[in-house]
Each structure stands twice: as structure tokens, then as C-alpha cells.
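The chain contents come next:
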Amino acid sequence: MRKRIIAVAAITAVTVMNCGCSVKKNGSSKRKDIPEKPAEWVVEQRKVEDITPLEGESQVYVKRDAENESMLRLVQGILADRIINNEYEALDLIAEYSQELGIIDAYSELKYKDTITYGDKKNYRFAQYCDDIKVKDSFVEITVDMYEGNKPEILNSTYIDLWGFDTKPAVSSSAAVKCANDKYKTEKNTVPELMVISGPQLVWRVPVKNDKIAEVCISAVNGDIVAETESVTQ
């Protein structure tokens, strides 16, 4: 079974499905008492300007966020003059680029997900979390060249800046299941998962029993169904 997202409510204007369980009109997930961002990091920081081109290349490839140029999205070059042999060393190097990536604390915000090997390349991928809540489809990864002795050469990020994001749900998990049941059926003793999706939005992911829909995302702020995941059987 394969899943694909068929509807996600983002910041831009989209239609959301109200299940009749709304608890408050304000859909904002920003905290009211947002502290200032730290101006220092726990490890010495590296700069993109310090990265040198790969062998045979004349320059370092750099891509920054379209809306926030201070956030690095992709860089290809020699990231450091040391080798990366495991996920711990990969995370240490990511932490050294935290300022460029817009990350406050790599060691608390990123959790090791997996290592993928293809050809002579190896990817160490880390999923983003906010207050130990998973951020859907957000990650940071480092690619090393095994042919060159595990030299780190690519840094790729979809990290989302969630500073000041409120992770305390106004809608309880049981209320989220009730909201899902207003449109679909759920299994007995269904346990929703609290997560952050694009927007960003704090939601409860609730599996449902339906021929076409596998799960729904219920806003943890106001109880609306903001996304559905279609089940596709092949």
C-alpha cells in the first residue's frame, strides 16, 4: 500500500473541512511569549565562504531559501577537511553549520533517521523535531563520497524555522479522534500522533477506516480537518 497526500492546508488560501469540533477561531500556532533567539551556538560555526570546490569544479554550488536568504538549503563542495564515518560525526558537522542552516540546537532538533548508500555516495539523514514532536518531511542530510575516503561534500536541508511555535495542543487527542469520526470511521482505541505539517501547523494524525482515505490530519488548534492522505493499492 502506498500513501500520497491529496490535500494540505498551507498559509496560502485553501479550503479546509470543518468537522464541527472547532474549539477556537484563532488558528495561529505562535506562542505569545516568544523569547529572543540565542546569538551563540554550542560549537564553533563554519561559514559557506570556507567551503572549497570539489575536485574538477571551479566553484561551490550554493542554494538558499527563496523567502529567507539567510537559511542555507543546499551546498555542494568540500564541507570539512575531515572524514565522516558514522551518523554521530555527521551530526557534529551539521551542528557546525547550524547558523547557516538556521538551526538553534542541532542536537535537540535533529534525530537520526537513516543511512542510504547509492553508488559511491552515502547519505546520513536526520529528521527535524520540535519539542520532541516530529516535523513532517523536514530533514537535514550530509552526503559523503566513499571513493574519496568518506569526505563530506553535500549538505541538504528542508529544515523549517519553528522558533516560537506553540506545540501545546488546544484540541485533545480524544477530541481529534471524535472529529475524524464525524466524517470517517476509526478503529477502536485509535491513538493519534501529534506532529507538525506544512504551514506550519500543529496537527493530530488520525488513521481512519475508509476505502480511499488512510488517515486525516486534525488541527490541534481548532479541530478542523486540514489534510487527508489517500490510500492507493497497487
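The preceding data block contains the structure.
Note on numbering: residues in each chain are counted from 1, in written sequence order. Reporting of local features is limited, given that this is a predicted model, to residues whose pLDDT is at least 70; pairs of side-chain atoms are given and counted only at 80 or more, and all residues count toward the totals for whole chains, interfaces and linings. For side-chain calculations, the full set of non-hydrogen atoms in the structure is used, while hydrogens and water are omitted.

Caption draft 1: Up close: the pattern of salt bridges. Take a side-chain nitrogen of Lys or Arg and a carboxyl oxygen of Asp or Glu: if they are within 4 Å of each other, that pair is a salt bridge. Applying the stated criterion across every chain, the model contains 11 salt bridges. Between D132 and K111 there is a salt bridge, with its nearest N and O atoms 3.3 Å apart. Placement of D132 in the loop between strand 5 (121–130) and strand 6 (133–145) and of K111 in strand 4 (residues 110–118) is noted, with a sequence separation of 21 residues between them. Residue D145 pairs with K121 through a salt bridge whose shortest N-O separation is 3.1 Å. Taken together, the residues span a long stretch of sequence, with D145 in strand 6 and K121 in strand 5 at a distance of 24 residues. The residues D145 and K121 share a single accessibility class, namely buried. Where helices and strands are cited, they refer to DSSP runs of H or I of at least four residues and of E of at least two residues respectively, numbered from the N terminus. Only protein chains enter the area calculation, which uses a 1.4 Å probe; residues under 20% of their type maximum are buried, those over 50% are exposed, and those in between are partly exposed.

Caption draft 2: Summary view of the environment of E87. Residue placement: E87 occurs in helix 1 (residues 87–96). For the pair E87 and Y124, spaced 37 residues apart in sequence, the C-alpha separation works out to 6.1 Å. Residue contacts for E87: discarding those within four places in its chain leaves Y112, Y124 and F126. Throughout, a contact is declared for two residues whenever any of their heavy atoms are within 4.5 Å.

The values reported here are purely geometric and, on their own, carry no functional implication.
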